[in-house]
Amino acid sequence: MLDFSLVNVLGACLIITSMAVVLARTGRVSAQFYALQSAVLVALFVALGAVTGSTELYLWSASAFATKVLLVPGILLFTLRKVGDSADVDLPPKLSPMKCVGLVAVEVFVCFVAVSGIDLPTAAAVKPTLAVALAHFFIGLTCIVIQRSIFKQIFGYCLMENGSHVALALLAPQAPELVEVGIATDAIFAVIILAVMVCRIARTTHTLDADDLAELKG
Amino acid sequence: MIELTVAVIQVLLLVLLAPLASGVTRKVRAKMHTRQGTSIFQDYYDLAKLWRRCEVQPGGAGLVSRAMPPIFLGTMVIIAAGLPLIARACPVPLLGDVITVLYLMALPRFMFSLAALDSAGSYTAVGGVRELLLGVLVEPALILTLMVLALACGSTNLGVMADSVASLAAYPPVAVVVAGVAFACACYVEMGKLPFDVAEAEQELQEGPLAEFSGPSLAMLKLGMSVKQLVVASLFVAVFLPFGAASVATPLGLAAGLVLFVAKLAFVMLAAAVIENAVMRVRYQYLGRYTWFVFGLAALSFVFLVIGI
Amino acid sequence: MDMSQILVALLAAPLAAALAMAALPSKSVPRAAFVALHVASLAAVCAAGTALVVSVLTGPEVYALGAWFHVDRLAALFVALIAVIGTCTGVYSIPYVQHDVEEGRLDPSQVKQYYVFFSLFLFSMLLTVASNNIIMMWVSVELTTLSTVFLVGVYGTKLALEAAWKYVIVCTAGVAFGLFGTLLVYANAADIMADAHQAVFWTAILPYAGQMDHGLMMIAFVFAAIGFGTKAGLFPMHTWLPDAHSEAPSPVSGLLSGVLLKCAMLVVLRFLILAALCVGPEFPQVVMMILGVLSVCYAALMVYRQSDIKRKLAYSSCENVGLVAVCFGIGGPIGIAAGLIHCIGHGLVKSLMFCLSGNVMMKYRTRDLGAIRGVVRVAPVTGALLAAGCLAIAGFPPFALFVSEMGFVLGGVAAGQAAVVAIVVAALVVVIMAFAHVITGSVLGEAPDGVERGDVGPLALAPEAVLLALIVWMGVAMPGPLAASIGDATGIVLQQDMQEVAHDGLFVEISGVFAGGAEGVRP
């Protein structure tokens, strides 16, 4: 059981949880699904570490647990509390659930086709998961584009970051921890600043609707 | 020989349990509405009473209306005979093919709608049309999920599929799981429980097509519809939850398989009953949203299958 | 003092100033204290930057902190750009912020925010240009986004916050693409190189670039071009640019347009060098050409349409960055040299124009070009500088952009890309029309009644004069060391010895023209 197929199974669970993040109705539920998705990510790192025998990956999974499972959802839930009643956070996305799911399926498929051309020794057995990592990019981008509430657009960015982390872990498991720490720290700062911006916008304009915040045109 | 016995047992089981299942569902609804509710055996008494009554048919009704109830019940019985419920193999291999089952499930729906139109009543016609609509919307998801499972297990025979899933040999695993979830949703829609009971729609359509039947025909139809619900649930249990079914045809194994099957079926029907009583009927124009979402899930499982995850 | 220590000091000074300013409370401390720390930061950057650049242009490359920081002749050009433009816009900020405080548009906490993030912004740009660690390159590009978000939204109005949000979400999402490209390069290099820990350093990857997997490198370059191209403002990832650059305070807009876009182009250039060594120069050049031509054409039309002066200048930045990309797409010594000259020249010109637009806004209190008329009557010096600036942007001689645009045309024709040159020149004509219209409509004409006559203070005019002088100097007689350093930088991009390049007859002639009669490129 403990071989690359476990990694692939966890990769598929990543897709399912990402879809849940995108489709969730309220911001709170999205944050909880994101914590779940990050937990699957940590499990993926552990599995990959066990399979490739790389001790750095265990350290990565620890730091990923601290930042992605605890810190980022914590920051986002805190932001929800700070925004409070000043603006309506939970707006429905612009695309119906079926089209979202269909789009995600298409993206995963296209990424798989793109990835089958890559020829790296470390990547041979885990090609499906590499496709999943690449697909996360586009799923995150989809989330940013279709969400009407700018609070939920933050999740799109977080999904893209998760995709890059998984890609790095798959392609270069022996990388020094400093690389991972650097990327993770930057991601945390980005989330903090996005959250601060959301608070300010909610306080000043009393709306978090991206359509309302589109006065500047052309 | 033993397969024939198993088939007969399966048929008798489902036909005899069907009124009990609908009775229990009604009791659960009553309890959830904090009412007392009727006895769980009420449907048996109803069927016996209806059987004794004489039959009245609307003026313009023809052969189709007379033939429909027996065909409905008969088809459901035939499907029940072919499913791998108790054992991990189909009692009647001829009937155990996925494509055969899908066609057999489409036949009663078609006859039902045809009979609804045949009686030339306005409410019945609307009910018949909605039944067809539901069929059109839910069939793609059903077909796609069963196709995914067939590809994952390497055969279209339901018995082989059940065996494959039970021994965890179905590859790739996540595709099978997602297909299972999609199939569960599609089966719930197919069962015609709230929020998808658009054909009968008691408050809207005055029982729809059922209004034009009486006496033994109505008894057969009601029994057939209850059996259909059980058959659809059994299909899901047989293919995606085959754990515990007998792998070899020993009497002890078959007995154990029977008990476990009844337990699994009861669990599934109970879950369906709870969900049914927590929601209200969906407007039939919005039916498409739910069914397309289920189809999206099925498509996702197909993508997982293709990429080998 | 050792040059690597100067490099560390150059990076540390603005960071220290930013942290010091952040520690001071905004309400009780007078504005003069923040201004003093700000000026100190600018002085340190200017001094250290100049010392470093002079040293690198005449001597060896500088490494600092192991191989983490590395300033070669290519990076030195950009360090000089940051130092010069940073100082000029920083000095211009002082009267501009004072005017905004008097108008009531900025309260003390926003003033503190402005100065803190200004220094942080300078720090992040220096980090981008000087870093050798490809992961840190990405981190510092992210840092530039994060440090400028609050500068763009400093006024706190609905439009400013909207522009800031669009900026941060589009840029962080876009730069995440750049991260993916970086990771692909890193993973590929770590696979090939003996010591995987060295695979983060650009200078260490360079010798191995030829052995990397072709398909992977192509995908990585496309991702890097899209990702860092978002930060540079290339079409179709430019959507944040007009909003962010028009809603930010004018000196910040000047710094964003003039320097930040070029730093992002430098990062793209670093990836282009790796890709060209791996798969040959044709593929990266095609990618850059496509992005560049689309940017130039789309932005030129939009420049013409705008009636808001800052949005006009912002779209002009898109167009010029597109032109830089086309120059890199044409490739060869002339193309690359023209691109680098355009980077420097446009940086100077755009910051000049944004500072002047700040002056105009201070007098007229509006950004609408329809209401801005007769600048030369209301504020004569500003008007004259504005006219000169418009001519400079349009690419007229004797200004710097004429040199680079001529270089582009000659290089494009010499490389056989006459069709591309024709399309781009047509777009440039549209830009000339747009800015000629600015001169006739806004600089000249009757002054409206409600505007007070008399120019802005000298502190708001001195930086622009300095910038204009530099532009004219570059355009008329580029100093020998600068021409030589551009030649060396071109050599780094092409990964060729400049001796070979210097034997290219056309290049020698053109560079002779660039340097205004000097002997051209000294090998």
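What counts and what doesn't
Throughout this document, residue positions are counted from 1 along each chain, in the order its sequence is written. By the order in which they are written, chains take letters starting at A while ligands take numbers starting at 1. The model is predicted, so local features are restricted to residues of pLDDT at least 70 and side-chain atom pairs to those at 80 or more, both for listing and for counting; the totals for chains, interfaces and linings are taken over all residues. Excluding hydrogens and water, the side-chain figures rest on all heavy atoms present in the structure. Any two residues having at least one pair of non-hydrogen atoms within 4.5 Å are treated as being in contact. The buried area of a pairing is the accessible area, by a 1.4 Å probe, that goes missing from both parts when the two are put together, added over both. Salt bridges are defined as contacts in which a side-chain nitrogen from Lys or Arg sits within 4 Å of a carboxyl oxygen from Asp or Glu. Think of a polar contact as two N or O atoms within 3.5 Å of one another; within protein, one of them needs to be a possible hydrogen donor and the other a possible acceptor, and neighboring residues in sequence only count if both atoms come from side chains. Put simply, DSSP H or I for four residues or longer makes a helix, DSSP E for two residues or longer makes a strand, and each gets a number counted from the N terminus. For this classification, Asp, Glu, Lys and Arg are treated as charged, while Ala, Val, Leu, Ile, Met, Phe, Trp, Tyr, Cys and Pro are nonpolar and the rest, including Gly, are polar. Every axis corresponds to a line fitted to the C-alpha atoms, with the helix fit spanning only the stretch in contact, and the corresponding angles, defined between N-to-C directions, vary from 0 to 180 degrees. For classification, angles of less than 35 degrees are called roughly parallel, those exceeding 145 degrees roughly antiparallel, those between 65 and 115 degrees roughly perpendicular, and all remaining angles oblique. What counts as a ring pair is set by centres within 6.5 Å for rings of Phe, Tyr and Trp (its six-membered ring), and what kind of pair is set by the plane angle: stacked under 30 degrees, edge-to-face over 60, tilted for all other angles. Throughout, exposure labels follow a simple rule: accessible area from a 1.4 Å probe, protein chains only, divided by the maximum for the residue type, with under 20% read as buried, over 50% as exposed, and the rest as partly exposed. Any Lys NZ or Arg CZ found within 6 Å of a ring centre and within 35 degrees of that ring's normal is scored as a charge over the ring. Working definition: a disulfide is two cysteine sulfur atoms within 2.5 Å of each other. How sure the predictor is of each residue is captured by pLDDT, a score from 0 to 100.

J.: Provide a residue-level description of the interface of chain A and chain B, including the pertinent values.
T.: With 18 residues of chain A at the contact, the number on the chain B side is 16 residues. When chain A packs against chain B, close to 1400 Å² is buried across both sides, 92% of that on carbon and sulfur atoms. Broken down residue by residue, the surface that chain A buries against chain B is led by A:Met98, A:Val101 and A:Ala105, which jointly contribute 31%. In this structure, the connection of chain A to chain B is made through zero salt bridges. Counting every contact that joins chain A to chain B gives zero residue pairs in polar contact (both at pLDDT 80 or more). Of all the elements in the fold, those that place two or more residues in the side of chain A that touches chain B are α1 (4-23), α4 (97-115) and α5 (127-146) of chain A. Classifying every residue of the side of chain A that touches chain B by side-chain character gives 16 nonpolar, two polar and no charged.

J.: For the interface of chain C and chain A, give the residues involved together with the corresponding values.
T.: Interfaces are often sized by the accessible area lost when the parts come together. In this assembly, 45 residues from chain C lie in contact with 46 residues from chain A. Considering only the side of chain C, the residues that lose the most area to chain A are C:Lys158, C:Trp165 and C:Phe180, jointly responsible for 17% of the buried surface there. If you look at where chain C meets chain A, you find zero salt bridges. Where chain C meets chain A, there are two residue pairs in polar contact (both at pLDDT 80 or more). Contributing elements (two or more residues each) for the side of chain C that touches chain A: α5 (134-152), α6 (158-192), α8 (214-232), α9 (240-247) and α12 (309-330) of chain C. Looking at the side of chain C that touches chain A, the element that brings in the most residues is α6(C), giving 22 residues. Residues of the side of chain C that touches chain A, tallied by class, amount to 30 nonpolar, six polar and nine charged.

J.: I'd like to hear about the packing of helix α4 (residues 98-118) of chain B against helix α5 (residues 122-153) of chain B, residue by residue, with values.
T.: All names here are of chain B. Packing of α4 against α5 brings their axes to within 8 Å, and their N-to-C directions diverge by 170°. By the angle between their directions, the pair α4 and α5 is classed as roughly antiparallel. When α4 is examined against α5, the residues Val98, Leu102, Met105, Arg109, Phe112, Ser113, Ala116 and Leu117 are found in contact with a partner set consisting of Thr124, Ala125, Gly128, Glu131, Leu132, Gly135, Glu139, Leu142, Ile143 and Leu146. Here the contact of α4 with α5 is built from residues that sort into eleven nonpolar, four polar and three charged.

J.: Just give me the short version of the packing of aromatic side chains, but keep the residues and values in it.
T.: For the structure on display, the rule yields 23 aromatic pairs over all chains. Centre to centre, the rings of B:Phe183 and B:Phe240 are 5.4 Å apart; their planes meet at 40°, and the pair counts as tilted. Placement of B:Phe183 in helix α7 (residues 173-190) and of B:Phe240 in helix α9 (residues 215-240) is noted, with a sequence separation of 57 residues between them. Like B:Phe183, the residue B:Phe240 is buried in the burial classification. In this structure, C:Arg105 packs its charged tip against the face of C:Tyr155, placed 4.2 Å from the ring centre.

J.: Requested: an account of unusual backbone geometry, with residues and values cited.
T.: Omega for the peptide link from C:Phe235 to C:Pro236 comes to -5°, which places this bond in the cis form. Along the chain, C:Pro236 falls in the loop between α8 and α9. Residue C:Pro398 follows C:Pro397 across a cis peptide bond; omega there is 5°. Considering the arrangement of structural elements, one finds C:Pro398 in the loop between α15 (380-394) and α16 (400-414). Phi at B:Thr34 takes a positive value of approximately 50°, unusual for a residue other than glycine. Position of B:Thr34 among the secondary structure elements: in the loop between α1 (2-32) and α2 (42-52).

J.: How would you summarise the state of the cysteines if you had to cite specific residues and measurements?
T.: Tallying each qualifying case throughout the model produces zero disulfides over all chains. The thiol of A:Cys199 is not disulfide-bonded; the next cysteine sulfur, from A:Cys158, is found 15 Å away. Residue classification places A:Cys199 among the buried residues on the basis of a relative accessible area of 15%. Not engaged in a disulfide, the cysteine C:Cys263 finds its nearest cysteine sulfur in C:Cys343; these two sulfurs lie 9.5 Å apart.

J.: If you had to explain the side chain of C:Thr87 to someone new, which residues and values would you point to?
T.: Relative to the assigned elements, C:Thr87 resides in helix α3 (residues 73-103). Residues within four places of C:Thr87 in sequence aside, it is in contact with C:Leu42, C:Cys46 and C:Ile82.

J.: Break down the confidence of the model for chain A for me, with residues and values.
T.: Across chain A, the average pLDDT comes to 84, with 96% of residues at 70 or higher. Confidence, expressed as mean pLDDT per element, reaches its minimum in chain A at α4(A) with 84 and its maximum at helix α2 (residues 27-52) of chain A with 89.

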